[in-house]
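Per-entry structural report
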Amino acid sequence: MAAYETVTIHPTGKHTSTIIFFHGLGESGSVWAELLTNLRKPNTKIICPSAPKIPLTLNKGFAMPAWFDLSTLNEDAPENESDILRAVDNVHAILDEELAKTRLPPKKLLLGGFSQGGALALYAALTYHRPLAGILILSCWIPLHRTFPDAATNNTNIPIFQCHGTEDPVIPYVWGTRTSEILKEFTTKSQFTSYEGLLHRTNEKELADIKAFIHKTVT
C-alpha cells in the first residue's frame, strides 16, 4: 500500500466503512490502531500507516519516523512543499487502493491524523478528487496554508472535526485556532473543539468526542 508499512484492523461485522489515520512524528501506526479499534463500530475497518524513518531537519538531520521533512515548528518557517506534496500523493494512492479493493463508496472513508499526521490528512483530504465521509484532525495545523482555498479541490462540504489542547507545548494552541479560522473561510462543516489543560496528547473527553464523531460520520 503506497510506500508505507500499515497496521490494519479488520471489522468484526460486514465491512461498510474504513478509517485511515496517520500518526505523529516519531510514532507508529500501532498505537493509533489500538485506540481507534475501541472507538469504531464493528463494521469499520481501521488502516494506520507507519511513516518511514527519514532524516529530519528538525531533529538535526537524524532519522526518525516522519511523513515529510520539517525544519522547525515555527508558524512562519519555510515549508518543504515538494516533500509535503509527495506525502499527499501517497495518501491519495492509499485512498485509491482502498476504494478499488473494497468497492466502497468514497463517502464511506474517513481520513484523519494526529499532529504531523493530522496536517498530512487535512491537506490530502482537501485535495482528493472524490468526496470522503469526513476529516478527523487532532493537535495539528494546516500545511502550506497560503495555498488555500485555491488548493482545495474537493471535500470542502464534508464534516471536519478538529481537536486541540489549550496547553499543547508542541503544536501551540494558537496554531489550532488559526487553522480553524482558515478552514472556516472555505469549508462549510468544520468544528473546532478545545480541551482545557490538554498537552500534546489525547484524554478521555477527547476520545469520547472522537468516538461520537466517528459513529455519526461513518456507518
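Preceding this section is the structure that the text describes.
A brief look at the structure comes next. What you are looking at is a predicted structure, and each value in this text was computed from that prediction instead of being measured.

Most of strand E7 (residues 134–138) is tucked away, with five of its five residues classed as buried. Where strand E6 (residues 109–114) lies against E7, five bridges are found, and the strand directions are parallel. Within E7, the position partnered with Leu111 by the bridge is Ile135. With four bridges joining them, E7 and strand E8 (residues 160–165) adopt parallel strand pairing. When the bridges of E8 are listed, Leu138 appears paired with Cys163.

A few words now on the packing of aromatic side chains. The full count for this structure, using the stated rule, is seven aromatic pairs. For the ring pair Phe21 and Trp32, a centre distance of 4.8 Å and an interplane angle of 35 degrees mean the geometry is tilted. In this pair, Phe21 sits in strand E2 (residues 17–22) while Trp32 sits in helix H1 (residues 29–37), placing the two residues eleven residues apart along the sequence. Here Phe21 matches Trp32 in class, with each residue buried. Seen in terms of ring centroids, Trp32 and Phe114 are 5.2 Å apart; in terms of plane orientation they differ by 35 degrees. Their pairing is tilted. Taken together, the positions of Trp32 in helix H1 and Phe114 in strand E6 put the pair 82 residues apart, joining distant regions of the chain. This pair shows no difference in class: Trp32 is buried, exactly as Phe114 is.

Let us look at the pattern of salt bridges. Once the charged atoms of two side chains with opposite charge are near each other, the side chains can pair. Counted under the stated rule, the structure contains five salt bridges. Between Arg86 and Asp83 there is a salt bridge; the shortest N-O distance is 3.2 Å. One end of the pair, Arg86, and the other, Asp83, are both in helix H2 (residues 81–102), three residues apart, so they sit about a helical turn from each other. You can call Asp83 buried: its relative accessible area is 16%.

In this section: the pairing of strand E3 (residues 44–50). Buried residues dominate E3, accounting for seven of its seven residues. In the sheet, strand E1 (residues 5–9) pairs with E3 via five bridges, with the strands oriented antiparallel. Within E3, the residue paired with Glu5 across the bridge is Ser50. With four bridges joining them, E2 and E3 adopt parallel strand pairing. In the strand pairing of E3, Ser17 is matched with Thr44. Taking the sense of rotation as the criterion, the β-α-β connection linking E2, H1 and E3 turns out right-handed.

With that settled, the discussion passes to the layout of surface pockets. By volume, the second largest pocket is sized at about 170 Å³. Elements supplying a minimum of two residues to the lining of the second largest pocket: E8 and helix H5 (204–217). Examining the composition of the lining of the second largest pocket, we find that five residues originate from one element, H5, more than from any other. Classifying every residue of the lining of the second largest pocket gives five nonpolar, two polar and three charged.

Within the secondary structure layout, Ser115 lies in the loop between E6 and helix H3 (116–126). Taking the C-alpha atoms as reference, Ser115 lies 7.4 Å from Trp141; in sequence the two are 26 residues apart. Residues in contact with Ser115, not counting those within four places in the same chain, are Gly24, Leu138, Ser139, Cys140, Trp141, Ile171 and His200.

Ranked by internal contacts, the top residues of the largest apolar core, which has 47 residues, are Phe22 and Leu111. Of the residues forming this core, the biggest block, eight residues, is contributed by H3. What Leu111 contacts, discounting residues up to four positions off in sequence, is Ile20, Phe22, Val91, Leu95, Ala121, Ala124, Ala125, Leu132, Gly134, Ile135 and Leu136. Core analysis: the second largest hydrophobic core is formed by 22 residues, Phe21, Ala33, Leu39 and Phe213 among them.

What counts, and where the lines are drawn
- Residues numbered from 1 in each chain as written.
- Predicted model: local features only at pLDDT ≥ 70, side-chain atom pairs only at ≥ 80, totals over all residues.
- Heavy atoms only, no water.
- Buried < 20%, exposed > 50% of the residue type's maximum accessible area, 1.4 Å probe, protein only.
- Helix = DSSP H or I, 4+ residues; strand = E, 2+ residues; numbered from the N terminus.
- Pairing = 2+ DSSP bridges.
- Phe/Tyr/Trp six-rings, centres within 6.5 Å; stacked < 30°, edge-to-face > 60°.
- Salt bridge = Lys/Arg side-chain N within 4 Å of Asp/Glu carboxyl O.
- Right-handed = clockwise from strand over helix to strand, strands pointing away.
- 1 Å grid on protein atoms, 1.4 Å probe; cavity = no way out; pocket = protein on both sides within 12 Å on 5 of 7 lines; lining within 4 Å.
- Points joined across faces, edges and corners; volume = space filled by probe spheres on them.
- Nonpolar A, V, L, I, M, F, W, Y, C, P; charged D, E, K, R; others polar.
- Contact = heavy atoms within 4.5 Å.
- Core = buried A, V, L, I, M, F, W, Y, C linked by side-chain atoms within 4.5 Å.

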